Amino acid sequence: MGRADDRRARQRGGRRAAPRNRTSQQAAPETQVTAEGGTTTVVESPDAPAAEGATRAERRKAAAGKGRPSKDGKPAKGRIRRLFTWKKMLGAFFTVCLLGIGSFIALYMMVSIPEGNQLAQTQSNVYKYSDGTVLARKGTVNREIVDLSKVPEAVQHTFVAAENKTFYNDNGIDLKGMARGLYNTARGRGTQGGSTITQQYVKNYYLDQDQTVTRKLKELVISLKVDREKSKDEILAGYINTSYYGRGAYGIQAAAQAYYRVDADKLTVEQGAYLAALLQAPSQYDWAVAGPIGKKLVQARWNYVLDNMVGQKWLDKSKRDAMKFPIPKEPKAASGLEGQKGYLVDLANTQLENQLMKAQNISRSDAEALVVDQGWTITLNIDPKKQAKLEAAVKGQLTSKLDGKKRKVDDNVQAGAVSVDPKTGKILALYGGIDYYKHYTNNATRADYQPASTFKPIILASALDRDAKTQDGKDINADTIYDGTSGRPVKGSDIAFSPPNEDDTDYGKITVQTAMNKSVNSVFAQMGVDVGMKNVLQTADELGLDTEKLQAVPAMTLGSMGASPLEMASVYATLDNHGQKVTPTILASAEKTGRKVDLPDPIGEQVISREAADQVTSVLTGVVDDGTAKVSVAQNPLRKGQQVAGKTGTSDSNKSAWFTGYTPDLVTSVGLFGEAKKNGAQVSLTGATGLIPGTGRINGGGYPAQIWAAYTFGVTKKAKFDLNTELGAAVQPTDTPSYSQTPSQTPSQTPSQTPTKSATPSQTPSQTPSQTPTKSPDPTTSAPSTPVETPTGGTTDNPLDPADGQ
């Protein structure tokens, strides 16, 4: 640099002019200037504007290139930043807000409070049999409007504490909950999000239960207007008088009578807290029908209500601590549903609600409100002729023999049955109890009793479907040899398990076929471990049992879980349908004002292989022809050549007894349950009817099998199964077990020289003289066997005592 340049630089304050035609990006970042006064260091930022002397275009380019350079060294572009400045973004935000406010004001002006429509919407439901004849009409509204002054103030507070603690101070809406609800509805997630008491009242009284964005926006506007025009007491009164509490009860007065047999003005705080808790899920929280989980949930909800009341200073803590849960009274059936009608209607309603919940993603409470007394025409799959036959079979074989005055145990006997077409999944007949008015719980759908040995076919199905092997590596099938020693410790189990056989009988080495015929516990306990209990439970779930909360333990092999006749009918119908899933349905159609509900196909996918299902069926024919159901079913005089597969079951302490069996075209599950008349506890059936000799034990091969035979042989003719298997009693003779209790006398109706049949049932009546052999394509050469559970000390010819397995 020359002296002239140095002088000019000092005059400019130490800044050196950049050469022309160079941008600030090209300028040197650092310049040292030496002057008389010393040395001055000037550091120039790459982001600094172009030096003096640059052209105007260069300065514009330099300004545009402000900011950090990009990775390639070129200046970052600022167009996006110019478009999204904070001023523009803030302006856009306020614009959207103004549009939203304007839209809401317009909506607020357009939507007015409509006339209440709850009463107008309540209509009779019509229920029809499959042939179109009317089964029942149900539509009498169980509602009585009461003034809020008739409801104790503390009881009023239970509803506020349960649903909306800020009710007395809010403006009728919960903006946060509404926003969440609108978002979830738009996303198809159903009724998620909170609502105030005002909003729920508006939904119940002025609107409907449809889950749409339009309905929710109307609910918001009307709630604001109702809150301005009505007092809080009027809104609360409307809410508790229009809500549905279950048991057909609308409003607090009907609910007080339905659950506690008192008027609303006599309700205690404890009772009010239960009714308030009930609104969240009436069916699930109804103490009379709730399962263990439901009972825990409603008690937790009840505690939540009372604790909120303490927090709001509406209840003294010492009084709250002394309160006990008020167990409701047993429900009473509504009029017009006598006999079996109520059971059929309840199941139809439940299955329709299930479908609406699934299709619309709504809660059980909302689904009930859409179904109960809402003008539906519901056609059932129930065949009136088969229904009458099933009722007659239960009466003729069981209930006509019960006399509670002679034997207290007779009052404890409950029967339930379900009959299903395995090809269509239609429930053709159902027996729920002695009378809907006398016994509210539906015995056909209750799942609180053990299915016992009727679970054993599921273990075999799982083994066959998975190609499972024994502990020593042999394939498991009908011919596999197992050790049938009673009390033998199960090998390969992490949990010690040594189940005894019935009467502690030892069988030694026997085939799976014989073990199924005799219902040998020790064999199937070992088989369950061989297959893997998790695999067994998975198969059970696929076939139709609810296994969600069950633990995979060896004890499950004895059928120690709960199951209903409806569930067992589903399992055996899937086996009968060659492994293709059958989900029994009572609904044929459901229509309302031109709207028809789309119902799912009862026949689903293949859940186990056909070969596995057919071999289980083949094995189960041996239970009928040469096992625990032989006397009641195989030798039943009503049998006209039908081939039958089935399994008996008798639970521990004789609290339940089962027979679930099927022909090629009909599956029926029959269960007997010991239920104490006073408190509903599970009790023994032993001694009922007084007609069974010895201990009086009620076995699955007794009354359940007799009911099954009296019904089935009266309504079906089809004879043979179409099986894809080469194993099992239906296609080959059963082996003679190495250990058996040969009866000292041959059965009275079957000569010792006559070979037993194991495939197609004999066309020859059982009373044929001993010189005439039965006509069976696959006769066994062994003498006829008797059920292994026959009481020790000899056999009996009494057909009421074909004892059964665990």
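Residues numbered from 1 in each chain as written. Predicted model: local features only at pLDDT ≥ 70, side-chain atom pairs only at ≥ 80, totals over all residues. Heavy atoms only, no water.

J.: Requested: an account of the packing of helix H8 (residues 197–205) against helix H10 (residues 232–242), with residues and values cited.
T.: A packed helix pair is summarised by two numbers, namely the angle formed by the two axes and the spacing between the axes. Packing of H8 against H10 brings their axes to within 9 Å, and their N-to-C directions diverge by 55°. Relative to H10, the element H8 is oriented oblique. Like other packed secondary-structure pairs, H8 and H10 cross with a definite hand, here left-handed. Along its contact with H8, which presents Ile197, Thr198, Gln200, Tyr201, Asn204 and Tyr205, the element H10 presents Ile235, Leu236, Gly238, Tyr239 and Thr242. (Axes fitted to C-alpha atoms, helices over the stretch in contact; angles between N-to-C directions. Helix = DSSP H or I, 4+ residues; strand = E, 2+ residues; numbered from the N terminus. Parallel < 35°, antiparallel > 145°, perpendicular 65-115°, else oblique. Left-handed = near helix turned anticlockwise from the far one by under 90°. Contact = heavy atoms within 4.5 Å.)

J.: A description of the pairing of strand S16 (residues 645–650) should follow, citing residues and the corresponding values.
T.: With six of six residues buried, S16 is to be regarded as a mostly interior element. Here S16 pairs with strand S17 (residues 656–663) via six bridges, running antiparallel. Bridge pairing in S17 links Lys647 to Thr660. Following S16, the chain reverses through five residues before pairing antiparallel with S17; Ser653 in that reversal takes a positive phi of roughly 65°. (Buried < 20%, exposed > 50% of the residue type's maximum accessible area, 1.4 Å probe, protein only. Pairing = 2+ DSSP bridges.)

J.: Please set out unusual backbone geometry residue by residue, giving values where relevant.
T.: Phi at Asp373 takes a positive value of approximately 55°, unusual for a residue other than glycine. Of note, Asp373 is situated in the loop between helix H17 (364–371) and strand S7 (377–380). Exposure remark for Asp373: the relative accessible area of 3% places this residue in the buried category. Positive phi values are uncommon outside glycine, yet Asp467 reaches one of about 50°. Inspection of the secondary structure assignment puts Asp467 in the loop between helix H19 (456–465) and strand S10 (481–483). Given the relative accessible area of 62%, Asp467 is considered exposed.

J.: Help me get a handle on the nonpolar core, residues and values and all.
T.: With 88 residues, the main nonpolar core has Leu352, Ile378, Leu380, Ile427, Met527 and Ile586 as its most contacted residues. With residues up to four places along the chain from it excluded, the contact list for Ile586 reads Leu344, Leu347, Ala348, Gln351, Thr379, Leu380, Asn381, Ile382 and Ile427. In this structure, Ile197, Tyr260, Tyr274 and Ala277 belong to the second largest nonpolar core, which totals 50 residues. (Core = buried A, V, L, I, M, F, W, Y, C linked by side-chain atoms within 4.5 Å.)

J.: How would you summarise the sheet that holds strand S13 (residues 587–592) if you had to cite specific residues and measurements?
T.: Strand order in the open sheet formed by five strands is S4-S3-S7-S13-S14, and the pairing between neighbours is mixed. Across the chains shown, the open sheet's two edge strands, defined by having one partner strand only, are strand S4 (134–138) and strand S14 (595–596). Of the strand pairs in this sheet, S13 and S14 are connected by two bridges, and their pairing is antiparallel. Counted as the bridge partner of Lys592 is Arg595 from S14.

J.: How would you summarise the sheet that holds strand S8 (residues 413–420) if you had to cite specific residues and measurements?
T.: One open sheet accounts for five strands, arranged S9-S8-S18-S17-S16; its pairing is antiparallel. The strands lining the two open edges of the sheet, one partner per strand, are strand S9 (427–431) and S16. Neighbouring strand axes in the sheet, compared pairwise and without regard to direction, differ in orientation by 5° on average. Helix H24 (residues 610–626) rests against S16 and S17 of the sheet, and its axis sits at about 60° to S16.

J.: I'd like to hear about H19, residue by residue, with values.
T.: Among the ten residues in H19, nine count as buried, and that is most of the element. On its buried face, H19 sits against helix H20 (512–518), helix H21 (521–531), helix H22 (533–543), helix H23 (565–576), H24 and S16. The first or second residue beyond H19 is Asp467, which carries a positive phi of 50°.

J.: How would you summarise the pairing of S4 if you had to cite specific residues and measurements?
T.: Across four bridges, the pairing between strand S3 (residues 125–128) and S4 is antiparallel. When the bridges of S4 are listed, Lys128 appears paired with Val134. Linking S3 back to S4 in an antiparallel pair, the connection comprises five residues, with Gly132 at a positive phi of about 95°.

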